[in-house]
Amino acid sequence: MKTGLVLEGGAIRTIFSSGACDALLTRDIMFDYVVGVSAGIAYGVSYLSRQSGRNLTILQRYVNDKRYMGGRNLLRPDNRSYFGLEFAYEIIPNELVPFDYEAFAAFPGEAEAVVTNLNTGQAEYLPVPKRDDHWLVLQATCALPFLFPIYHLNGQPYLDGGIADGIPYQHAFDKGCDRVVVFLTRERSYVRRPKKLSYLFDVFYHQYPQLKEVMLRRAEGYNACRERLFALEKEGKVLIVEPEDTRGFALTERDVDKINALYQDGYNKTLTRLDEISRFMAGE
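Here the structure is a predicted model, which is why all the values come from computation and not from measurement.

**Q** Quick rundown of the packing of helix α3 (residues 54-62) against helix α12 (residues 256-271)? Include the residues and the values.
**A** Between α3 and α12, whose axes approach to 10 Å, the crossing angle comes to 170 degrees. On the basis of their axis angle, the class for α3 and α12 is roughly antiparallel. Listed contacts from α12 to Leu 56, Leu 59 and Gln 60 of α3 are Val 256, Ile 259, Asn 260 and Tyr 263. Its residues assigned to classes, the contact of α3 with α12 comprises five nonpolar, two polar and no charged.

**Q** Any details on a nonpolar patch on the surface? Residues and values, ideally.
**A** A cluster of nonpolar residues, Tyr 199, Leu 200, Val 203 and Phe 204, forms a patch on the protein surface that exposes about 420 Å² of accessible area. Structurally, Leu 200 is set in helix α9 (residues 198-204). Since its relative accessible area comes to 33%, Leu 200 is described here as partly exposed.

**Q** Summarise the pattern of salt bridges; cite the residues concerned and give the values.
**A** Taken as a whole and judged by the stated rule, the model has 15 salt bridges. Its salt-bridge partner being Asp 275, residue Arg 27 comes within 2.9 Å of it at the nearest N-O pair. Residue Arg 27 is located in the loop between α1 (15-25) and β2 (33-37), and its partner Asp 275 is located in helix α13 (residues 274-281); the two are separated by 248 residues in the primary sequence. With a closest N to O distance of 3.2 Å, Arg 188 and Glu 242 form a salt bridge.

**Q** Run through the nonpolar core, naming residues and quoting values.
**A** It is characteristic of soluble globular proteins that their nonpolar side chains tend to be buried jointly. With 76 residues, the main nonpolar core has Tyr 68 and Leu 211 as its most contacted residues. If one sorts the elements of this core by residue count, helix α2 (residues 39-48) sits on top with seven residues. In this view, Leu 211 contacts Thr 116, Leu 118, Gly 121, Leu 159, Ile 163, Phe 201 and Tyr 205; residues no more than four positions away in its chain are not counted. Core analysis: the next-biggest nonpolar cluster, separate from the first, contains 21 residues, Val 37, Val 182, Tyr 222 and Ile 240 among them.

**Q** Quick one: what's the story with the packing of aromatic side chains, residue by residue and with numbers?
**A** Throughout the structure, instances matching the rule amount to 14 aromatic pairs. Here Phe 99 and Phe 104 contribute two aromatic rings whose centre-to-centre distance is 5.7 Å and whose plane-to-plane angle is 65 degrees, an arrangement assigned as edge-to-face. Exposure class is identical for Phe 99 and Phe 104. Each is buried. For Arg 131, the ring lying beneath its charged end belongs to Tyr 101, and the centroid distance is 3.9 Å. Positioned above the aromatic ring of Phe 280, the side-chain terminus of Arg 179 is 4.8 Å from the ring centre.

Each value, and the rule that gives it
- Residues numbered from 1 in each chain as written.
- Predicted model: local features only at pLDDT ≥ 70, side-chain atom pairs only at ≥ 80, totals over all residues.
- Heavy atoms only, no water.
- Axes fitted to C-alpha atoms, helices over the stretch in contact; angles between N-to-C directions.
- Helix = DSSP H or I, 4+ residues; strand = E, 2+ residues; numbered from the N terminus.
- Parallel < 35°, antiparallel > 145°, perpendicular 65-115°, else oblique.
- Contact = heavy atoms within 4.5 Å.
- Nonpolar A, V, L, I, M, F, W, Y, C, P; charged D, E, K, R; others polar.
- Patch = residues over 30% accessible without salt bridge, like charges linked within 9 Å, V, L, I, M, F, W, Y side chains within 5 Å.
- Areas by Shrake-Rupley, 256 points an atom, 1.4 Å probe, with all protein chains shown as cover.
- Salt bridge = Lys/Arg side-chain N within 4 Å of Asp/Glu carboxyl O.
- Buried < 20%, exposed > 50% of the residue type's maximum accessible area, 1.4 Å probe, protein only.
- Core = buried A, V, L, I, M, F, W, Y, C linked by side-chain atoms within 4.5 Å.
- Phe/Tyr/Trp six-rings, centres within 6.5 Å; stacked < 30°, edge-to-face > 60°.
- Lys NZ or Arg CZ within 6 Å of the ring centre and 35° of its normal.

As structure tokens, then:
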């Protein structure tokens, strides 16, 4: 029985999944395969290194630090991102809130990050390197349009994986998983609304027409993806944990009280379902 964990993205909102993953660690529940989108996998590696509370600590200390995120970072020619890339992906994990690379390397399963190929408009699933002091794959999966630079890996241009595959549960099944647990970062009633960004894409990404096409269909595709996911849940093929309510919680939320509350929501919801999750993973 091969088990999979799917982690939706959502920038700071992904602290819900961190709470959920930390609850799993109280019972030492690990999966054979983990795939995440954007902050889903960027935060998820702390679960794979078994560092409970690490993501919450980072946000509590640095979410209001201009080095971590803020408009001035976009204006820096060496950064060109709303987030301070060197600070977030190098200084924090390597100095301030150390990441346990050895524990991560000891994870016996497989971890992948979703990215969107700008040339094709399609999702690709890249292995998360066991040792990368710069975390380039994680930067690429988190690269929100307009807020990050384009990342070139293996000769291809990439942005945020959520553009093409916001909740990659189907890929988990394609990888051979029999049982898939999904941590969402939006409440069950959420419906994505289309955004009028066509003009901005013409300005910033005019050389990538396939990217524009997938972005224009993104809301429709995401909503359909969730409908299929909930249908699979009714069939007993997936187990879903989702937040109670994320309305009023910004993508780049700075209110630490809100962040603590959303983390606690993920932790408490998952903690009460650990027996159910264990039975589900065992095929019972």
